[in-house]
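# Residue-level structural notes
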2 protein chains.
Amino acid sequence: MIPELKAQSKATWIWYPGDFEVWMANKMQNRRTERGTFFPPFWRMDNHFVLIDFHKEFNVPAEEQVQLFVEGQYNVKIDGKMVSGYPKQITMPAGKHKLSLKVFCQDRVPAIFVKGKTVVSDSSWLVTYEDKEWIDETGKASDQSGTTWLSAGSWNFDSPATPPSKFALATEPKNPVKTEKGAGSLLVDFGRETFGFVKLQGLQGKGKVHIYYGESREEALATETCETLDLLEIDEPGKKDTTISLTKAFRFVNVRYEAGVSLDGVSMLYEYLPVTDRGSFTCSDPEINKIYDVSKYTFHLNTREFFIDGIKRDRWIWSGDAYQSFLMNYYLLFDSPSVTRTLLALRGKDPVTSHINTIMDYTFYWFLGINDYYLYTGDKKFIQQFYPRMQSLMDYCLARRNAQGFMEGLAGDWVFIDWADGLSKQGAVSFEQLLLARSLETMATCAGIVNDKEGQKKYANLASDLRQKLFSTYWSESKEALVHSLVGGKQTENVTRYANMFGIFFNYFTETQKQSVKQSVLLNDKIQKITTPYMRFYELEALCAMGEQEHVLKEMKDYWGGMLKLGATSFWEEYNPAKKGVEHYAMYGRPFGKSLCHAWGASPLYLLGKYYLGVKPLSPGYHTYSVEPVLGGLKWMEGSVPSPAGDLNVYCSEKEIRISGIAGAGILKIRSKSKPTGAGLQVKSLGNKTYEIHIGAGQNIALRYSAIK
Amino acid sequence: MIPELKAQSKATWIWYPGDFEVWMANKMQNRRTERGTFFPPFWRMDNHFVLIDFHKEFNVPAEEQVQLFVEGQYNVKIDGKMVSGYPKQITMPAGKHKLSLKVFCQDRVPAIFVKGKTVVSDSSWLVTYEDKEWIDETGKASDQSGTTWLSAGSWNFDSPATPPSKFALATEPKNPVKTEKGAGSLLVDFGRETFGFVKLQGLQGKGKVHIYYGESREEALATETCETLDLLEIDEPGKKDTTISLTKAFRFVNVRYEAGVSLDGVSMLYEYLPVTDRGSFTCSDPEINKIYDVSKYTFHLNTREFFIDGIKRDRWIWSGDAYQSFLMNYYLLFDSPSVTRTLLALRGKDPVTSHINTIMDYTFYWFLGINDYYLYTGDKKFIQQFYPRMQSLMDYCLARRNAQGFMEGLAGDWVFIDWADGLSKQGAVSFEQLLLARSLETMATCAGIVNDKEGQKKYANLASDLRQKLFSTYWSESKEALVHSLVGGKQTENVTRYANMFGIFFNYFTETQKQSVKQSVLLNDKIQKITTPYMRFYELEALCAMGEQEHVLKEMKDYWGGMLKLGATSFWEEYNPAKKGVEHYAMYGRPFGKSLCHAWGASPLYLLGKYYLGVKPLSPGYHTYSVEPVLGGLKWMEGSVPSPAGDLNVYCSEKEIRISGIAGAGILKIRSKSKPTGAGLQVKSLGNKTYEIHIGAGQNIALRYSAIK
């Protein structure tokens, strides 16, 4: 059921786990430019191990020829005995034999592709960066008992001709929907937000060619303030197509060329990660369907080498942004390699010298991402491989607690939380403690998986202590909420939505607290509003978790529908309905600083799958799961939710529910005016017009009921 | 007085300190081959930081043009404001301004060369691998208070055209002294051990050309067992010179070519690090002069990108071997960059996951190397830059102590000590504790230099506790020696030379203990003999430190003279006079496994300078120093010892001593039958026919005395 654990019989390129991801992330994250100037990240970029030992023991049924493909300088050993030179093919004798390759590669990640009949390279090989295989004066080898071996890293590099270093996303030619020609200028519109390599067709002559990119028409025309641009100096006697080497995000492209230059047209190579949509959602409300589709497109544009924040500006892997992409992914693609690639790129290497992306909350989201990854996929292997990197990151956090045991921003820590006017980051912010508590719970779970009993106890105790202290310190009876922060160890007067909404879907509140928080915070207009889709994600999730789907549907239509009404073809980094015209495009003090295609804008994918179709795992990898469809005002809805156990299809109208089950055991829970009926169903009443129906492995369910609106 | 602290007015390439060394060491240490097969190290190779921020504040007298040369993708900021694109030249305005460059480079070390009239790149720039320079929603920049800046690394890359990545040693063509032609074969003799690129002259035809290298004639002829070889398959219609791309060590080269191939001759490009001999030694004994010269040549051959162990086989940076090279260096080259390059390559990066070269003793030699480096050079800057790496390595050691507080080999630790038959590595070996104690003393010194008062106290306490425990646990009154080890917490019966001889020149013994150890261990033939020049180094040092120069001179003539009598043109990895003929060449179970040119073979350079000319620093950087010439049976000797304060020349016969002083304050100490006399000298009698004469800064001393033979 878990793809990563499947026996692999085919050969694939392998490497030291995490190293391809670190190397690729370096490449990817150093592609940001600001008006043609290089704009790299401000956190530490790690590097791969340059010298790796790979080995595996095989039971070879009959002598076989084995081909070797290697990225780097290498040697080969069979049963510890060197094969001379740099062999491209070796003979593996029949019987039990150990094949080892040792590879040095400075500029790329050391990697191997081994292909025989039974002897193949895959993630069952073991690797290390220090084999400690010395020999003594007499030629006797060391026992290597002090060597740490990990399972090899791999992905989908299944051909010897495409090693990891040659990785490139797929491309597809696209033409603009509209071209406006001017004197020495061409303004093209690709009809919607897109990403890729711009191609100047039939370029000829001598002179400068300026290219100004715009996510909006206004931006492409704003040659002095648009965020990205290119400048070519050409000298082409004959007509020639020129493809710009660095990808860009745009809908509009404004090409301006000097008098000596001519140009036939502009097209592009759309660049994308080839992935399959397994999740889907349609319903009776066309606006919601449109929101879903634009979310999907927004999400695809930001699902690349890694889950990135937005395609125009940063193009970086931000942990807080990636965390939301992980969740959306579980309801659309269920592409686990994209999750693990991103987690590994974010984590980088030891030693830990700062928070992930330098942001305290982003470190915690990394832990939360692992928590969810395990819940949704059931993949223990990833946790087994990377538990030490989880430990060292948590050690870093624990060493930075203040005297009260709370996390408080120290020099060099960015306490982000959200983009929100005047939001205080001073002192120990309740939101951060909540995230730390959940991170510690994650550590306890993972310690259990790797059988670190001592760690499990330690982390569980730390988590429960912190949860207790969180409430004894931050909960205000008078405000019926967790206050925003402690400054000088004392509660501030400030109440914000953050800790309170997370407390709800973390299930940290008592039922009474939850209901108070709903009124005193979530539905309270006096509490500072959230303007980023980033935090809207959690706000709406909290409301959904409390059964407020109808309210959330309206909010969704207002908020995402609001962007659509302004002509959005992908969802934005931030949206404030109070703004007008080009004001919408400004951010960071720059007129077009805002990203109009931001992964965190795609959260309806998650909300509609998890809280309307109502599907979620109850135990790791969907061995058990629940379906709680809630129409929230819709007449009907239909869709699929992917899982390692298959795709679960749900149809739900006010009278009928149909579910095609998956390999795990499910529980359907619905509210109905009358007892639901259906052939062969065992319906259990839970009282208060709520019913529970068991869904057996692979079982299809169809029932009639009467929805409570 | 300290070269590293000199104000630099010329531009030079700079990088993140330690990163060039790590990158270059990867290159160098992956050049080992065994009979044509790649043979990489078995310990972790680190990697450089790929993204570096460089900056410096300048007081620019008048607006100036500044040229920029960069290894990698970069941006430039003046006072935090980006300069557009990838400028190759910028205008620095007059006044106080901060120039920053941020560079990403994956395959090489990010490096910059900045050259204006006053604005130049040098080691006074500051660098970091995480600048934490984020901006908030409004465009406001972070305060960067959490950023750690280090002084930039640099060496001698003073031309924009030769960036660090293009580093190559110097070469010089050399011809063989003898060529023997056979049918399809050519055996050439270069007259002595050498290193470089073999050049096949006038190669023509089609077929295979085998090249077998030999440090001995026997090895070059042993085509089945020689350690290094090359195989070319050529197809050259016309005559062509072909240079082999990988350097080799050899004296003899045996070329065998197929019938279709012809060859005019063999020559070579000798490859070397251009350094100047500042130290010298000549004396009345021609054999000692020969030993000194061959030591010098041996040392030069092994002084390359780094101080390596030997040129034929490993070509690796081994900490124990390098430590001795450091000491020899202080008496021959005084080339500090070679010391710091080697220290940095050995140390690599955090986290520490094993001992240096995986060997426990080699970790300690690294600390000892720093101790001596500071004493000889007085360079505090190096310690300030790398104190954190010293701390993390010491933390690693301290965490590996056993219940008794002693270092004992754990899984994966190689307890080396020496190549010696049957030498026990079990339990807690006294030798390792001694080295740890000295390492802790080094840490205390360095903590003082960086003003880490708490660390200074901690390390000093740990050191004195350990020294006390060392004697209370390992000292045997009956054996009058430190025993070799504790097994199960109890003294073993075994006494070896190692801890006892180090105890002497570490000055860890009482005077009584010292005298007992001299008789019961050093001069006791029943104690297992030392057969490697490696440990002979320390054995002879201990004897010299006890005034046994005459005895040591004989030993030197026997041991090093013994190798010369066997025709050695460089000194060996190991020498056992009991062996005969080709037996001398065997080691590690291979007939030509032994290196015939090993850095540790060159120790007479150190012994003659420190214990015969008798020159050593008393305080860091030779601010004060002592000269205690001891003829040890020689009629006369003459030589120089380099120091940061100038080269100190010493002439000493049985009747006369002449010293040309250096910038520091020296003390000449001699034994004389009568009170020494000389113009303007203040001679202080210390009793027991010992006299002390002060040498003022820059003062030349000449005196008559009467040596006690």
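Residues numbered from 1 in each chain as written. Chains lettered and ligands numbered in written order. Predicted model: local features only at pLDDT ≥ 70, side-chain atom pairs only at ≥ 80, totals over all residues. Heavy atoms only, no water.

### Description of the relation of the copies chain A and chain B
Overlaying chain A with chain B gives an RMSD of 0.0 Å, the required rotation being 180 degrees about an axis along which the chain moves by 0.0 Å. Here the symmetry operator amounts to a two-fold rotation axis. Closest approach to the rotation axis within chain A is made by the C-alpha atom of A:Asp107, at a distance of 2.1 Å. With an isologous cut-off of 70% or more, the 100% of interface residues of chain A that recur at the interface of chain B puts this contact in the isologous class. (Least-squares fit on C-alpha atoms with pLDDT ≥ 70 in both. Contact = heavy atoms within 4.5 Å.)

### Some thoughts on the sheet that holds strand 29 (residues 636-641) of chain B
All names here are of chain B. Ordered by their spatial adjacency, five strands build an open sheet running 21-29-30-31-35, and the pairing between neighbours is antiparallel. At either end of the open sheet lies a strand with only one pairing partner, and these are strand 21 (280-283) and strand 35 (700-704). Averaged over all neighbouring strand pairs, the angle between strand axes comes to 5 degrees, with direction disregarded. Here strand 30 (residues 648-653) runs beside strand 31 (residues 656-660); their pairing, made up of four bridges, is antiparallel. Across the sheet, the residue bridging to Asn 649 is Ser 660, located in strand 31. (Pairing = 2+ DSSP bridges. Helix = DSSP H or I, 4+ residues; strand = E, 2+ residues; numbered from the N terminus. Axes fitted to C-alpha atoms, helices over the stretch in contact; angles between N-to-C directions.)

### Side note on the confidence of the model for chain A
Across chain A, pLDDT averages 96, with 99% of residues at or above 70. In this model residues 1-8 of chain A is a low-confidence stretch, pLDDT under 50, and it forms 16 contacts with partners more than four residues away in sequence or in other chains. (pLDDT = per-residue confidence, 0-100.)

### Focus on helix 1 (residues 19-29) of chain B
Within helix 1 of chain B, ten of the eleven residues are buried, which leaves the element mostly enclosed by the surrounding structure. Within helix 1 of chain B, burial applies to B:Asp19, B:Phe20, B:Glu21, B:Val22, B:Trp23, B:Met24, B:Ala25, B:Asn26, B:Met28 and B:Gln29. On its buried face, helix 1 of chain B sits against strand 9 (95-104) of chain A together with strand 1 (14-15) and helix 5 (336-347) of chain B. (Buried < 20%, exposed > 50% of the residue type's maximum accessible area, 1.4 Å probe, protein only.)

### Focus on the sheet that holds strand 34 (residues 690-695) of chain A
Residue and element names in this part refer to chain A. Here five strands make up an open sheet; going across it, the order is 27-28-32-34-33 and the pairing mixed. Each end of this open sheet is capped by a strand with a single partner; those strands are strand 27 (615-617) and strand 33 (683-687). Adjacent strand axes in the sheet meet at a mean angle of 25 degrees, parallel and antiparallel pairs treated alike. Here strand 28 (residues 624-627) runs beside strand 32 (residues 665-671); their pairing, made up of four bridges, is parallel. Following the sheet pairing, Ser 626 is matched in strand 32 by Ile 667.

### Regarding the environment of A:Ala542
Turning to its location among the elements, A:Ala542 is positioned in helix 12 (residues 533-545). The contacts of A:Ala542, once residues within four sequence positions are left out, are A:Met501, A:Ile504, A:Phe505 and A:Leu522.

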